[in-house]
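Chain and residue survey
Chain by chain, the residues run as shown.
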Amino acid sequence: KENVFGSVPKYILLLDGMNEMSTEMQDKFLQELQWLVNEWKNVQFIISGRSTVESPVFRDFKKIEACGVLDNEVEKVLSNKEDYDKIRSNSKLMELLKNPLFLRIYDSICDGDFVPTRGRILDSYISQMGTSMLGNNISNEQHHLLRFVIRWALPLVAKQMTDRWSFELDRGTIAESVDKAIEKYLFNERVYQ
């Protein structure tokens, strides 16, 4: 509890993903954090998230915003791509590619195919990863089924997990989402057309 090392804390507690908590959980978290800040004098707290809430507990915290990858770094990574002129002229895409994860993904999937949106980038990446993990040993029908599951069933799984605030994935959830996707996208004549 005593900061025996002067102004340098002995421990660092990193809490990542504050924006991923439900509102109720954030309230409990802020109460607990206030207690920790008051009691633990030898700890530096680092709390990260895409967004933060306003709270008195943060009054002595320094707020730091990560700006992402600089434009010249994006250019270094993607300037050898066939469609770099299209990439560079799309301001929304350039802004998205400042995120290191999206820049890395885009670099790995970009083969002269211009992929301008966040959703299409993720879709292309997941499709390529699924296909490459299975190798060339899958039939054409299996490849189509895999693309259907990735494109239509997985988003339903993700939505279901988000709605439940659950980060566990079980076979039942997947099977339920595949059934829902088949019913919604194949058996609904209006949607199918």
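Just above, that's the structure.
What this report covers is the structure whose coordinates are included nearby.

Rules of the game
- Residues numbered from 1 in each chain as written.
- Predicted model: local features only at pLDDT ≥ 70, side-chain atom pairs only at ≥ 80, totals over all residues.
- Heavy atoms only, no water.
- Axes fitted to C-alpha atoms, helices over the stretch in contact; angles between N-to-C directions.
- Helix = DSSP H or I, 4+ residues; strand = E, 2+ residues; numbered from the N terminus.
- Parallel < 35°, antiparallel > 145°, perpendicular 65-115°, else oblique.
- Left-handed = near helix turned anticlockwise from the far one by under 90°.
- Contact = heavy atoms within 4.5 Å.
- Nonpolar A, V, L, I, M, F, W, Y, C, P; charged D, E, K, R; others polar.
- Phe/Tyr/Trp six-rings, centres within 6.5 Å; stacked < 30°, edge-to-face > 60°.
- Buried < 20%, exposed > 50% of the residue type's maximum accessible area, 1.4 Å probe, protein only.

Another point: the packing of helix α2 (residues 71-78) against helix α5 (residues 100-109). Interaxial distance between α2 and α5 falls to 10 Å at its minimum, and their mutual angle equals 20°. The angle between α2 and α5 places the two elements in the roughly parallel class. Judged by the sense of rotation from one axis to the other, the crossing of α2 with α5 is right-handed. When α2 is examined against α5, the residues V74, V77 and L78 are found in contact with a partner set consisting of L103, Y106 and D107. Looking at the contact of α2 with α5 residue by residue, the class counts come to five nonpolar, no polar and one charged.

With that settled, consider the packing of aromatic side chains. Counting across every chain of the model gives one aromatic pair. Here the aromatic rings of F58 and F61 are separated by 5.3 Å at their centres, their planes lie at 85°, and the arrangement is edge-to-face. What makes F61 partly exposed here is its relative accessible area of 25%.

Another aspect to go through is the environment of Q160. You can see Q160 is positioned in helix α7 (residues 140-164). As a C-alpha pair, Q160 and I174 span 14 residues in sequence and 9.7 Å in three-dimensional space. Residues contacting Q160, with those up to four places away along its chain left out, are T173, E176 and S177.

Here we take up the environment of R164. Mapped onto the fold, R164 is located in helix α7. When its relative accessible area of 47% is taken as the criterion, R164 is described as partly exposed. Sequence separation between R164 and P56 is 108 residues; the distance between their C-alpha atoms is 30 Å. Apart from residues lying up to four places away in sequence, R164 is in contact with T173 and E176.

Note that all results are geometric; they support no functional claim without further evidence.
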